[in-house]
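Next come the chains, spelled out residue by residue.
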Amino acid sequence: MIKAGMEPLVPLVGEWRIEAFGGSGRALFEWTLDGAFLMQRTEVDLPEAPNTLAIIALGPDGGFTQHYFDSRGVVRTYSMTLEDGVLTLARETEDFSPLDFRQRYIGRFNEDGRRIEGAWEINHGEKWENDFDLTYTRLDS
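Heads up: these notes are all about the structure in this document. Position numbers for residues count from 1 along each chain, tracking the sequence in the order it is written. In keeping with the predicted nature of the model, local features appear solely for residues at pLDDT of at least 70, side-chain atom pairs appear and are counted solely at 80 or more, and the whole-chain, interface and lining totals rest on all residues. Values reported for side chains reflect all heavy atoms of the structure, with hydrogen atoms and water molecules removed beforehand.

**Some points on the pairing of strand E3 (residues 37–44)**
Which entries qualify depends on this criterion: We call two strands paired when DSSP finds no fewer than two bridges between them. A helix here means a DSSP run of H or I that spans at least four residues, while a strand means a run of E at least two residues long, and both kinds are numbered starting from the N terminus.
In this structure, strand E2 (residues 23–32) lies alongside E3, joined through eight bridges in antiparallel fashion. Looking at the pairing, Gly-25 lines up with Val-44 of E3. Between E2 and the antiparallel strand that follows it, E3, lie four residues; Leu-33 among them carries a positive phi value of about 50°. Relative to strand E4 (residues 52–58), E3 runs antiparallel, the two sharing five bridges. When the sheet's bridge partners are listed, Gln-40 is paired in E4 with Ala-54.

Okay, here's the thing in structure tokens:
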């Protein structure tokens, strides 16, 4: 059983292969604390890509907040949505670290829900630019 309001995140639950920076890794999404939160762990076999831990929580506005931590010691929060097969993460306000740039990820599920193709974008001023592509491919059934 999962907490009411967390149902839109069900398509993420499971094990995924991730592709970024010309390399690959693994992402695991699983419920924790009786379905009150969705936990994401990623491991990438490239030195320039950090391993991560994220806890996704239901926000007061009905959206989601991703609390992000990585192996570099970076801590951030992202607003998050998953609607109509589109996953978005955005960091546009200062949180635990200065907001030297804005970030967003937009990923789209394919028809069968087994692949998410998207990219992280970065904005140092007024223009969004591609930072890196990030694709998820489901490994479990």
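Read on for the rest.
**Regarding empty space enclosed by the protein**
Filter applied, for reference: Cavity and pocket criteria rest on a 1 Å grid covering protein atoms alone: a 1.4 Å probe that fits but cannot get out defines a cavity, protein on both sides within 12 Å along at least 5 of 7 lines defines an open pocket, and an atom within 4 Å of a point defines a lining residue. Grid points are joined across faces, edges and corners, and a volume is the space filled by probe spheres set on the points. Note on residue categories: nonpolar means Ala, Val, Leu, Ile, Met, Phe, Trp, Tyr, Cys or Pro, charged means Asp, Glu, Lys or Arg, and polar means any other residue, Gly included.
The tally for this structure, following the rule as stated, stands at one cavity of 30 Å³ or more. Considered as a void within the structure, the largest cavity measures approximately 40 Å³ in volume. In terms of lining, the largest cavity is formed by Leu-12, Phe-29, Gln-40, Ile-56, Gln-66, Met-80, Leu-87, Leu-89 and Tyr-136. Among the residues forming the lining of the largest cavity, the class breakdown is seven nonpolar, two polar and no charged.

**Some remarks on the sheet that holds strand E10 (residues 128–138)**
Stated precisely, the cut-off is as follows: Axis lines are fitted through C-alpha atoms, for helices just across the contact stretch, and the angle between N-to-C directions can take any value from 0 to 180 degrees.
The 10 strands are arranged E1-E2-E3-E4-E5-E6-E7-E8-E9-E10 in a closed barrel whose pairing can be described as antiparallel. Strand after strand, the sheet turns through a mean of 25° between neighbouring axes, direction not considered. When strand E6 (residues 75–83) meets strand E7 (residues 86–91), the two strands line up antiparallel, connected through five bridges. Note on E7: the bridge partner recorded for Ser-79 is Ala-90.

**Observations regarding the pairing of E4**
On any regular strand, side chains alternate: one points to one face of the sheet, the next to the other face. As paired elements, E4 and strand E5 (residues 64–70) share seven bridges and run antiparallel to each other. In the strand pairing of E5, Ile-56 is matched with Gln-66. The turn joining E4 and E5, which pair antiparallel and follow one another in sequence, is formed by five residues; a positive phi near 90° is taken by Gly-62.

**Some details on unusual backbone geometry**
Note on backbone geometry: most residues besides glycine have negative phi, and most peptide bonds are trans. Phi is positive for Leu-33, close to 50°, though the residue is something other than glycine. Note on placement: Leu-33 falls in the loop between E2 and E3. In the Ramachandran plot, Asp-84 falls in the positive-phi region, its phi being about 50° despite a non-glycine side chain. Here Asp-84 is to be found in the loop between E6 and E7.

**A closer look at the environment of Ala-57**
In plain terms, the rule: The contact criterion used throughout is that any non-hydrogen atoms of two residues lie within 4.5 Å.
Position of Ala-57 among the secondary structure elements: in strand E4. For Ala-57 and Gly-5, which are 52 residues apart along the polypeptide, the C-alpha to C-alpha distance reads 9.8 Å. In this structure Ala-57 touches Met-6, Phe-37, Gly-63, Phe-64, Thr-65 and His-67, once residues within four positions along its chain are discounted.

**Comments concerning the packing of aromatic side chains**
Counted only if it meets this: Two rings from Phe, Tyr or Trp (for Trp, the six-membered ring) form a pair when their centres sit within 6.5 Å of each other. Planes less than 30 degrees apart are called stacked, planes more than 60 degrees apart edge-to-face, and all others tilted. Two limits define a charge over a ring: the Lys NZ or Arg CZ must be within 6 Å of the ring centre, and within 35 degrees of the ring normal.
Summed over the entire model, instances satisfying the criterion amount to eight aromatic pairs. Its guanidinium or amino end placed over the ring of Trp-128, Arg-104 lies 4.0 Å from that ring's centre, counting from NZ or CZ.

Nothing here speaks to function; it is all geometry.
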